[in-house]
Amino acid sequence: MSWFSLEDIQQAEAVLRPYLPETPLVQSYYLGDQSHRFFFKLESMQQTKSFKIRGALHKMLSLTQRERKLGVAAISSGNHGISVSYAAQLLGIAQAEIVVPETTPRSKMEKIAYFGGHVRPMGKNYDEAHRMGMQFIADSGMTFIDSCHNDPKIYAGQGTAMVEILRRNPDIDTVVVPIGGGGLATGTAVAAKALKPDIRVIAVQTAACPAMIHAYRDHVYYEEYPTTGETICDALVGGVGVLAYEMLKDYVDLIVEVSEESIRRAVVFLLEKEKIVAEGAGAITTAAVLEQPELFTGDNTALMVSGSNIDGKLLRQLQAEFA
């Protein structure tokens, strides 16, 4: 298996720079105080409204003309599919097939279609969609754009957000990042520890699907993992990436899980207090601070807001729930 390093991330950052503007790093109005400051890394302000464009575009820029001509395909809970569709449009790739679970929020399916991707709903959850989608892609002969399984180009692309954080604020001493499959968390952790070895990296999972926490607890690579109960973190469910499983443990300081209720509260907190729109996965880092504040003792903490592709109906429901 091919791993990746800070050099790969820095090369990815140079390749992506002409295509992706740097996203803001803004200080929180309501979290912390003058001694303990919190900053939001707004990946929610990417053109695709999530960090996933970093990995998808980095991978697709490396494709040969033949691979581009064959078209691209992806399996996604939504954000990766949006990013693959946008990157295909940007690079003039005519065909982008996106397999999504049948439960994918309508808003995410609409964005995939908006950027020219063809949505193929398959399966009742992400793991089922992944099994069916891999067979479809194998039969189609299209170029597969991985989400988080084992492609180092995807991981290196995701790590570029951390390069931006430390370039904007070298005093950041803690970074908090969502973790589902593990692409963003691993890319972030590798970049963070290489650039600033004493930085603290905390990854956060929903209690509805703590796949990586249990993988390390059980010493088992969970390619698939069930979701318990309802979750608004559709971007963080299912199994973990094999590259993330192999690498992350050597770079992350702590992986914590937070309740779905805290995540729901955090979405509303960000919207009404900080004036930031975030989906569940994007709000999970804030949820960790609200639920377990004793863990966050650094002077300058960066919270990754990984995406804002939340369904409007759900957002209104959450506001009513915590009114």
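To be clear, the structure that these remarks concern was listed above.
Here goes a summary of the coordinates provided. (Residues numbered from 1 in each chain as written. Predicted model: local features only at pLDDT ≥ 70, side-chain atom pairs only at ≥ 80, totals over all residues. Heavy atoms only, no water.)

1. Some words on the overall build of the chain
- What the chain contains, in helices and strands, is 13 helices and ten strands.
- Against the compact-globule benchmark of 20 Å for 323 residues, the chain has a radius of gyration of 18 Å, which places it among compact chains.
- Referenced to the eigenvectors of the C-alpha coordinate spread, the extents of the chain come out at roughly 55 × 45 × 40 Å.
- Within the chain, the proportion of its 323 residues that are buried is 61%.
- When contacts within the chain are restricted to residue pairs at least 6 apart in sequence, long-range pairs at least 24 apart make up 75% of them. (Helix = DSSP H or I, 4+ residues; strand = E, 2+ residues; numbered from the N terminus. Rg over C-alpha atoms; globule rule 2.2 N^0.38 Å. Buried < 20%, exposed > 50% of the residue type's maximum accessible area, 1.4 Å probe, protein only. Contact = heavy atoms within 4.5 Å.)

2. Some remarks on the pairing of strand S10 (residues 300-305)
- By the criterion of burial, S10 is predominantly enclosed, with six of the six residues buried.
- By the bridge criterion, six bridges tie strand S2 (residues 37-42) to S10 in an arrangement that is parallel. For Leu42, the partnering residue across the bridge sits in S10 and is Val305.
- Note that strand S7 (residues 174-178) and S10 share three bridges and pair parallel. In the strand pairing of S10, Thr174 is matched with Thr301. (Pairing = 2+ DSSP bridges.)

3. Quick word on the nonpolar core
- Ranked by internal contacts, the top residues of the largest apolar core, which has 53 residues, are Phe4, Met162, Ile165, Met212, Leu248 and Ile255.
- Of all the elements, helix H7 (residues 152-168) adds the most residues to this core, at seven residues.
- One finds Ala287, Leu303, Leu318 and Phe322 within the second-largest nonpolar core, a separate group that totals 35 residues. (Core = buried A, V, L, I, M, F, W, Y, C linked by side-chain atoms within 4.5 Å.)

4. Brief notes about the environment of Gln158
- You can see Gln158 is positioned in helix H7.
- A C-alpha to C-alpha distance of 6.6 Å links Gln158 and Gly183, two positions 25 residues apart in sequence.

Honestly, that's just the spatial picture; any functional story needs more than this.
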